[in-house]
Structure formats: structure tokens, C-alpha cells
Amino acid sequence: MTLQTLLFLVLALVAITSALGMLISRNAVYSALFLVLNFATVAVYFLLLNAPFIAVAQVSVYAGAIMVLFLFVIMLLGAERAAQAQSIPWQRPLAISLAIVLLLEAGFILLGQRGVVPMVTSELPSGFGSPAQVGTELFQNYLLPFEVTSVLLLVAMIGAIVLTKNEKK
Amino acid sequence: MVSINFYLGLAIILFTIGALGVLIRRNSIIIFMSVELMLNAANLAFVAFARYWQTMNGQIFVFFIMTVAAAEVAIGLALIVTIFRSKASIDVDQMNSLKG
């Protein structure tokens, strides 16, 4: 077993455990912190996959900005311990069995599609995934989507302000 | 070099955990976090494919997914705050009327 495989398996263990912790923990703040851990391990995977720019963006945007927003709203609403009243008794077993079906289905497809998955190659063109190459790609081939993204963010900003504005009548 | 099947398998497992979270939790903030987990699993699959096909397109797509996720979180949390103001609860079972 190579060092990289070992690293992959250890990180997979951390990622799956933190995802399950997010799912199970009663306190919403703990859930958010487990999710931060999960995002950080996925960022390490991005580094292993030669995507340093995406990895840094993952840490700063996801684990940083988005999760701070989540924690802020959890604490603003005081919703750390929402009562888990179970109104439909068969909901949980049904949901778990459906999730197992989804897992088996996707695993079956993954194991069946041997020809589609590309061959493993270890050599890459130099500078693959570097910020310079991401920028070149973004501003040459993906310029229009990039500009549309700015409109999307503007709309989201205005929408958030309008929705949370306190109307005094 | 780890086989791409390992990365895809991990992405599948994370996606399933996210879907399970959407199905069994009642707290709407946790449901929202599960959606983020599913988006993240998709990102992992994208970056793995980008690495193994040796093209940048997958990484650019992940960049756009992150932007859309940020916009979605801003709007979604604003909606949750608004619902909390009128219902004093963020339990999805309480959201059963069209007009607050």
C-alpha cells in the first residue's frame, strides 16, 4: 500500500465520520463544526488531486464564509437544540432504507462502468490547476458564465437584504 | 496514484449521507447543511474527473458551483430567519401554511 492510498483511507475515515457526526448530533452548533471538519478534509483531497486553487477557495469560501453564516444564524435564532418531535413514526426507517437503496444503486453503477472511467496517469502538464491556469481558463473560455455569476451574487445580496428587512408598519 | 473509483465511492457515500440528512432531520438549518454536504460530494467527483481526464473544465465548474452555493446559502438563511420571525420555530413540520 502506497503512502497516498494510506492518506486517502485515513482522510476518508475522517470525512465519513464527520459527515455522520453532522447528521447525528443533537446540537446544531456541533453539526456546523463537524461540517467544517468535513469541508477541510475535502480541501485536502483537492490538494491531492492537483487542484490547489480550488482547495484554497474551498477553505476560505465554504469552511470560512458559508459556515460562519450558518453559525451566525444558528446563534441568532437560538436554535441550537430544536426539539426533535417525531410526528410520522415510519419516517426514519423508510428514509434509512431509501438511503441504502440509493447507496447500493450508485455503487452498482460505479462498479459496472469500467470502460468509462479514464486510465490512471501520474504525469500531468506543468502548472495544472494552478491559479494562473484557472484564471486563464476562466477569463478566456468561461468569460460569459463568470460575468453572469456576478449578477447572480448581486441578486442574492439584494434578495437577502429585502427578505430580512424589518418592516415597520 | 489512487484509483478514481475510490474518489467516486467516497463522493457517493458523502452524497448519500447528505440525502439521508435531508430526509430524517426536522431542523431546517441541519437540512440546509446536508444540502451543502451533497454539493460538496458533487464537487469532489468533479475535481477527481478533472484530474483523471487532465482537463481544467471540472475545476472551473466547481468554482461556479461554489458561487451558486454561496448565493443559495445567503437567500436560504434569510428565508429561515424570516420564517422564524413569523412562526418562532424552524421545524419543517411547522411550515404548513402558505401565508404567515
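Residues numbered from 1 in each chain as written. Chains lettered and ligands numbered in written order. Predicted model: local features only at pLDDT ≥ 70, side-chain atom pairs only at ≥ 80, totals over all residues.

Taken together, the contacts link 59 residues of chain B with 70 residues of chain A. Within the residue set of the side of chain B that touches chain A, elements represented by two or more residues are helix 1 (4-24), helix 2 (28-53) and helix 3 (57-87) of chain B. Sorting elements by how many residues they give to the side of chain B that touches chain A places helix 3 of chain B first, with 21 residues. Of the residues in the side of chain B that touches chain A, the class split is 43 nonpolar, 11 polar and 5 charged. (Contact = placed C-beta atoms within 7 Å. Helix = DSSP H or I, 4+ residues; strand = E, 2+ residues; numbered from the N terminus. Nonpolar A, V, L, I, M, F, W, Y, C, P; charged D, E, K, R; others polar.)

Moving on, we come to the nonpolar core. Ile29(B) and Val47(B) are the most contacted members of the largest nonpolar core, which totals 64 residues. Ranked by residue count, the leading element in this core is helix 2 of chain B, at 13 residues. Two domains each provide a minimum of three residues to this core, namely domain 1 (1-82) and domain 2 (127-169) of chain A. Those residues in contact with Val47(B) that sit more than four places away from it in its chain are Phe46(A), Leu49(A), Ala51(A), Ile54(A), Gly58(B), Gln59(B) and Val62(B). (Core = buried A, V, L, I, M, F, W, Y, C linked by C-beta atoms within 7 Å. Buried ≥ 20, exposed ≤ 12 C-beta atoms within 10 Å, placed from the backbone. Domains from an automatic or database assignment.)

This next bit is on the packing of helix 3 (residues 52-77) of chain A against helix 3 of chain B. The relative placement of two packed helices comes down to the angle between their axes together with the axis-to-axis distance. The interhelical angle for the contact between helix 3 of chain A and helix 3 of chain B, taken along N-to-C directions, is 5°, at an axis separation of 11 Å. Compared by their axis directions, helix 3 of chain A and helix 3 of chain B come out roughly parallel. When helix 3 of chain A is examined against helix 3 of chain B, the residues Ile54(A), Ala57(A), Val61(A), Tyr62(A), Ala65(A), Ile66(A), Leu69(A), Val73(A) and Leu77(A) are found in contact with a partner set consisting of Gln59(B), Val62(B), Phe63(B), Met66(B), Ala69(B), Ala70(B), Val73(B), Leu77(B), Ile80(B), Val81(B) and Phe84(B). (Axes fitted to C-alpha atoms, helices over the stretch in contact; angles between N-to-C directions. Parallel < 35°, antiparallel > 145°, perpendicular 65-115°, else oblique.)

Let us now look at helix 1 (residues 3-24) of chain A. Given a rise of 1.5 Å per residue, 22 residues ought to cover 32 Å, and the 32 Å separating the end C-alpha atoms of helix 1 of chain A matches this to within 8%. Among all positions of helix 1 of chain A, only Phe8(A), Ala15(A), Ser18(A), Ala19(A), Met22(A) and Leu23(A) are buried. Considered in projection along helix 1 of chain A, the buried side chains sweep an arc of 140° and stay on one side of the axis. Counted as exposed and oriented over 90 degrees from the buried face of helix 1 of chain A: Leu3(A), Leu6(A), Val10(A) and Leu13(A). Residues of helix 1 of chain A that are buried make contact with helix 2 (28-48) of chain A together with helix 1 and helix 2 of chain B. (Expected span 1.5 Å × (residues − 1). Arc of directions from axis to C-beta.)

Residue and element names in this part refer to chain A. Each domain of chain A was delimited in the assignment, giving domain 1 (1-82) and domain 2 (127-169). Taking the mean C-alpha position of each, domain 1 and domain 2 sit 23 Å from one another. Each partner contributes to the interface: domain 1 provides 4 residues, whereas domain 2 provides 5 residues. A class-by-class count of the residues in the side of domain 1 that touches domain 2 yields 3 nonpolar, 1 polar and no charged.

Before going further, it helps to examine the packing of helix 3 of chain A against helix 2 of chain B. In contact at an axis separation of 12 Å, helix 3 of chain A and helix 2 of chain B are set at 175° when each is read in the N-to-C sense. Taken as axis vectors, helix 3 of chain A and helix 2 of chain B run roughly antiparallel relative to one another. Contact with helix 3 of chain A, carried on its side by Ile54(A), Ile66(A), Phe70(A), Val73(A) and Ile74(A), involves Ile29(B), Met33(B), Glu36(B) and Val47(B) of helix 2 of chain B and no other residues of that element. Split into classes, the residues belonging to the contact of helix 3 of chain A with helix 2 of chain B amount to 8 nonpolar, no polar and 1 charged.

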